[in-house]
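# Observations on the model geometry
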Amino acid sequence: MAYKVEIAAIAVCVLVCGNLQLSFSQGLDPHHIDSQVYIESGNPVSGLSYKVQLASYSDPVPHEHFELESQNDGFIWTFGEFEDFREALEVRDSLLADHPDAWVSYYFDGEKATYQKVDSLVQSHLIQSQKDELKESLYWLESAGYLPDVRYKVQVGSHNKPINKEGFSTETFEGNHLLLYGEFVDYHEALVARDSLINVGFKDSWVSFYLSGSRASLAEVSQHIKSNFVQTEVPEVKVVEKTDRSIRQEMETMLYADADKSFVKKLLYFEGERKIYSIALYFIIIFFGTTISLIMVLISHRRSVEMAKARKKVYQRKIDDFLSSLLLEDDLNDELLDKKLQKFKTKIPFEKDWCKELLIKNIVDLKKNFKGEMADMFITIYLKLELLSYTEKLINDSSWYVKTKGIFHFQELGYTKGLPIIKKYTKDPNDFLRNVAIIAYISLEPTEPLSIFNDYKGQIDKIDELKILDTIKKSRIKVPKNIINWLNSKNESLVSMTLKMVTYFNHLEAGDSVISLLDHPSSKIKNEAIVACGKLYLSQAEERLLEIFNKENENNQIEILKTLRTIGSITSTFFLEQLLDEKNSREVKIETMITLKELGSEVYEREFEDNSELGLIKMHVENPFIQ
């Protein structure tokens, strides 16, 4: 609206009157592009990514499914990394059942960023030009004196229809009916009137400018000031000074008065208070002694941790330099490589497990950046350093968590010869170990990686389902042959994951099977089948969705309404118009109104009474901030 510059003018004049501190956010366009809306619309921002954050800890707590990140004040669990905020939000929503505190965090250039940082990145170029313009206008307004052509009125409201209140004037501007109070020559008087109106209940009151009887913007007022500039004089303020002697006398009087009440004098004159003082001193000594001892222990521990980190950094650098030097070798045969590896092992604490983990991590990181013979060379280094025996030792450990670390080594290295070892754990009774093995098997199996689900009877939780789907995307796996059979499985967790696979592969041949799941006894499977119908654009599912609508719970009803926005026809429109007249929850009616809007129904264009239920719902649909 045209009032955006007027809000800035208010802030400027208030500064002149000494009532508020000016911020450059005042006067900028209030209808600028909202950063959150921009991001939630799926628009990419250079360098910006999103992760699902699930928990935070003061100490490192590893998790086989989540990534552990170190922050300034502790450690956090995160899952995934997405360029599309909507995809991150879908993942967050799917994790809420098991992790109700999950939320989406922002990352800029790989570092965690606050929303303020993100908002600043999106908005900085949009507001810079407005800031420059505002600065120039502020200069002229701050320098201006009395201007006979400028008047001020207090605007208390803007309405779609004419409104009359005793003591107020009205005015029509850009199709809106404005309610105004007074007409002032002095802005200070207008400001006092505005504050009084706010105190009595007109919370949105502000002062508008008028130039030569017409409503004016800040740009127009500043231009008028430039051509009719009047410099105001600042009156001299007299300051009453005290002499050094008078100040010294006041201080001496205060000191003498305090001396009579001194706590030290009381200790000298009263034996009981001396005992209290001694006891207090005893506890103080103990307290400070204990505190200092604890601080020393913490400092010692901190120092040992920092030394360990520094030591690892030194060996990290040595490992990096050594592996990089191998890449630059022109004639690196097996004999020369063996000599270099044996010599290098003497320069690092190779017998330490943490050193082996460091080596494997560096080999994995470098292998990801190369293909072909160079990538195979890193597998050769892994084998010649006998790190395979270390990985096998981990897999054979009694702890399931340690086993998962060994399986993860094979997966990250792309070591396909480890498939027979991994496969026997795909049916392990431990859910975590079994699902880690399945994900590794899918990543490494070159021919039919998803065939492992043909007779699968284990449970797949939401986290592992997401990791499996993510692995399918990254590995670019083709549509499995038996995907339709999996939709008919009695294993609900497998059916749930298969529905997501079908939508990912856009496998329209499974459309009839998806529609048949609308009659599944599980409400959860029904919900996901409804979502799949929308994502696959199965218009033939419209009739069945309308038939089952009244039998479903509220969550499924809302999901049906969202799906009908995609596949609905005029048949859906007639059905939805009847829903508005029935006794349904407010949430269902809101979604119904949104669906009618998306389908272009004439009912949505109907004029409803403002205070009626449907009128309020329509207002909320048009402006979600209206409750």
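Residues numbered from 1 in each chain as written. Predicted model: local features only at pLDDT ≥ 70, side-chain atom pairs only at ≥ 80, totals over all residues. Heavy atoms only, no water.

## Looking at the overall build of the protein
Inclusion rule: Only DSSP runs of H or I reaching four residues or more are called helices, and only runs of E reaching two or more are called strands; each is numbered from the N terminus. The buried label applies to any residue whose accessible area, calculated with a 1.4 Å probe on protein chains only, is under 20% of its type's maximum; exposed applies above 50%, and partly exposed to all values in between. Using the Shrake-Rupley algorithm and a 1.4 Å probe, accessible areas are obtained, with residue cover drawn only from the displayed protein chains.
The number of helices and strands found in the protein is 27 helices and 10 strands. Relative to its full complement of 627 residues, the protein shows a buried share of 40%. When the accessible surface of the protein is summed, it comes to about 37700 Å², and 53% of that surface belongs to carbon and sulfur atoms.

## Some points on the side chain of Ser601
In plain terms, the rule: Under the rule applied, a polar contact is a pair of N or O atoms within 3.5 Å (in protein, one hydrogen donor and one hydrogen acceptor; residues adjacent in sequence only if both atoms are side-chain atoms). Throughout, a contact is declared for two residues whenever any of their heavy atoms are within 4.5 Å.
Counting through the fold element by element, Ser601 comes out in the loop between α25 (586–598) and α26 (602–605). At a separation of 3.3 Å, a polar atom in the side chain of Ser601 contacts the side chain of Glu577. Residues contacting Ser601, with those up to four places away along its chain left out, are Thr573, Glu577 and Leu596.

## Remarks on a nonpolar patch on the surface
Test applied: Only residues above 30% relative accessible area that lack a salt bridge enter a patch, with like-charged residues linked at up to 9 Å and the nonpolar side chains Val, Leu, Ile, Met, Phe, Trp and Tyr linked at up to 5 Å. Each reported salt bridge corresponds to a side-chain nitrogen of Lys or Arg within 4 Å of a carboxyl oxygen of Asp or Glu.
On the surface, Tyr277, Leu281, Ile284, Ile285, Phe287, Phe288, Ile292, Ile295, Met296 and Ile299 cluster together to form a nonpolar patch covering roughly 1000 Å² of accessible area. One can find Ile284 in helix α9 (residues 271–327).

## Section: the sheet that holds strand β9 (residues 206–211)
Just so we agree on the cut-off: Any two strands are treated as partners once DSSP identifies two or more bridges connecting them. For helices, the fitted axis covers only the stretch in contact; all axes are lines through C-alpha atoms, and the angles between them, taken along N-to-C directions, range from 0 to 180 degrees.
With respect to topology, five strands assemble into an open sheet ordered β7-β8-β6-β9-β10, the strand pairing being antiparallel. Across the chains shown, the open sheet's two edge strands, defined by having one partner strand only, are β7 (169–173) and β10 (214–216). Each adjacent strand pair in this sheet contributes to an overall mean axis angle of 50°, direction not counted. Direction of pairing for β9 relative to β10: antiparallel, over a ladder of three bridges. If you follow Leu211 over to β10, its bridge partner there is Ser214.

## Regarding unusual backbone geometry
Positive phi values are uncommon outside glycine, yet Ser212 reaches one of about 55°. As for its placement among the helices and strands, Ser212 is situated in the loop between β9 and β10. Unusually for a residue other than glycine, Asn506 sits at a positive phi of about 50°. Note that Asn506 resides in the loop between α19 (492–505) and α20 (511–516). In this structure Asn506 comes out as partly exposed when scored by relative accessible area, which is 45%.

## Focus: the sheet that holds strand β1 (residues 48–57)
Strand order across the open sheet formed by five strands is β2-β3-β1-β4-β5, with antiparallel pairing between neighbours. One side of each edge strand has no neighbouring strand; the edge strands of this open sheet are β2 (67–71) and β5 (111–113). Across the sheet, the mean angle from the axis of one strand to that of its neighbour is 50°, orientation sign disregarded. Bridge count between β1 and strand β4 (residues 103–108): six bridges; the pairing is antiparallel. Across the sheet, the residue bridging to Tyr50 is Tyr106, located in β4. Along the sheet, helix α3 (residues 85–95) contacts β1, β3 (74–82) and β4; its crossing angle with β1, the most-contacted strand, is approximately 25°.

## Looking at the confidence of the model for the protein
Definition in use: pLDDT is defined as a per-residue confidence score from the predictor, taking values between 0 and 100.
Overall, the prediction assigns the protein a mean pLDDT of 80, with 83% of residues at 70 or greater. Considering only residues more than four positions removed or in separate chains, one finds that residues 1–31, a stretch of pLDDT under 50, has 65 contacts. In the predicted structure, residues 231–244 sits below a pLDDT of 50 and forms six contacts with residues beyond four places in sequence or in another chain.

## Considering the pattern of salt bridges
Two side chains bearing opposite charge may form a pair once their charged atoms approach each other closely. Applying the stated criterion across every chain, the model contains 24 salt bridges. A salt bridge links Arg302 to Glu306; the nearest nitrogen and oxygen atoms lie 3.1 Å apart. One end of the pair is Arg302 and the other is Glu306, both in helix α9 and four residues apart, which spans about a single turn. Put simply, Glu412 and Lys368 hold a salt bridge, and the shortest N to O gap is 2.9 Å.

## Overview of the environment of Asp204
On the secondary structure map, Asp204 appears in the loop between α5 (187–199) and β9. The class for Asp204 is exposed, based on a relative accessible area of 58%. It is 9.5 Å that separates the C-alpha atoms of Asp204 and Arg194, two residues lying 10 residues apart in sequence.

## So, helix α12 (residues 373–384)
Every α-helix winds through 3.6 residues per turn, so residues three or four apart in the chain are directed the same way. Stated precisely, the cut-off is as follows: To estimate how far a helix should reach, multiply one less than its number of residues by 1.5 Å.
Relative to the 16 Å expected for 12 residues at 1.5 Å per residue, α12 spans 16 Å between its end C-alpha atoms, a close match to the ideal helical length. Every buried residue of α12 is accounted for by Ala375, Met377, Phe378, Ile379, Ile381 and Tyr382. Backbone geometry just downstream of α12 places Glu386 in the positive-phi region, at approximately 60°.

## Observations concerning the nonpolar core
How we decide: In plain words, nonpolar cores are sets of buried Ala, Val, Leu, Ile, Met, Phe, Trp, Tyr and Cys residues tied together by side-chain atoms within 4.5 Å.
Judged by nonpolar contacts, the single largest core of 100 residues is most densely connected at Ile381, Phe453 and Met501. For this core, the element with the highest residue contribution is helix α16 (residues 431–444), accounting for nine residues. Those residues in contact with Ile381 that sit more than four places away from it in its chain are Leu323, Leu326, Leu337, Leu341 and Ile363. The next biggest cluster of nonpolar side chains, apart from the first, holds 21 residues, and it includes Ile39, Phe82, Phe85 and Ile463.

## Quick notes on the pairing of β4
Bridging between β4 and β5 involves three bridges; their strand directions are antiparallel. Each residue of the ladder has a partner; that of Phe108, found in β5, is Glu111. Counted along the chain from β4 to the antiparallel partner β5, the turn is two residues long, and its residue Asp109 has a positive phi close to 55°.

## Notes on the packing of helix α14 (residues 400–413) against α16
Rule in force here: When an angle is under 35 degrees it counts as roughly parallel; over 145 it counts as roughly antiparallel; between 65 and 115 it counts as roughly perpendicular; any other value is oblique. Put simply, Ala, Val, Leu, Ile, Met, Phe, Trp, Tyr, Cys and Pro go in the nonpolar bin, Asp, Glu, Lys and Arg in the charged bin, and everything else, Gly too, in the polar bin.
In the contact formed by α14 and α16, the axes pass within 10 Å of each other and the chain directions differ by 5°. One way to sum up the angle between α14 and α16 is to call them roughly parallel. In this structure, α14 contributes Trp400, Lys403, Thr404, Ile407, Phe410 and Gln411 to the contact, and α16 contributes Phe432, Leu433, Val436, Ala437, Ile439, Ala440, Ser443 and Leu444. Here the residues of the contact of α14 with α16 are counted per class, giving 10 nonpolar, three polar and one charged.

## As for the pairing of β2
The two faces of a sheet get side chains in turn, since along a regular strand they alternate between them. Bridging between β2 and β3 involves five bridges; their strand directions are antiparallel. Each residue of the ladder has a partner; that of Glu67, found in β3, is Thr78. The turn linking β2 back onto β3 is made up of two residues.

## Quick notes on the packing of aromatic side chains
Selection criterion: Between the rings of Phe, Tyr and Trp (Trp by its six-membered ring), a pair exists once the centres lie within 6.5 Å; its type follows the angle of the planes, with under 30 degrees stacked, over 60 edge-to-face, and the other angles tilted.
On inspection of all chains with the given rule, the structure shows 20 aromatic pairs. Pairing Tyr315 with Trp354 gives two aromatic rings, centres 6.0 Å apart and planes at 50°, and the pair type is tilted. With Tyr315 in helix α9 and Trp354 in helix α11 (residues 353–367), this pair connects stretches of sequence that are 39 residues apart. Taken together, a centroid distance of 5.6 Å and an interplanar angle of 85° make the contact between Phe453 and Tyr456 edge-to-face.

## A closer look at the environment of Phe209
By secondary structure assignment, the location of Phe209 is in strand β9. The class of Phe209 is buried, set by a relative accessible area of 2%. With 56 residues separating them in the primary sequence, Phe209 and Lys153 have C-alpha atoms 6.9 Å apart.

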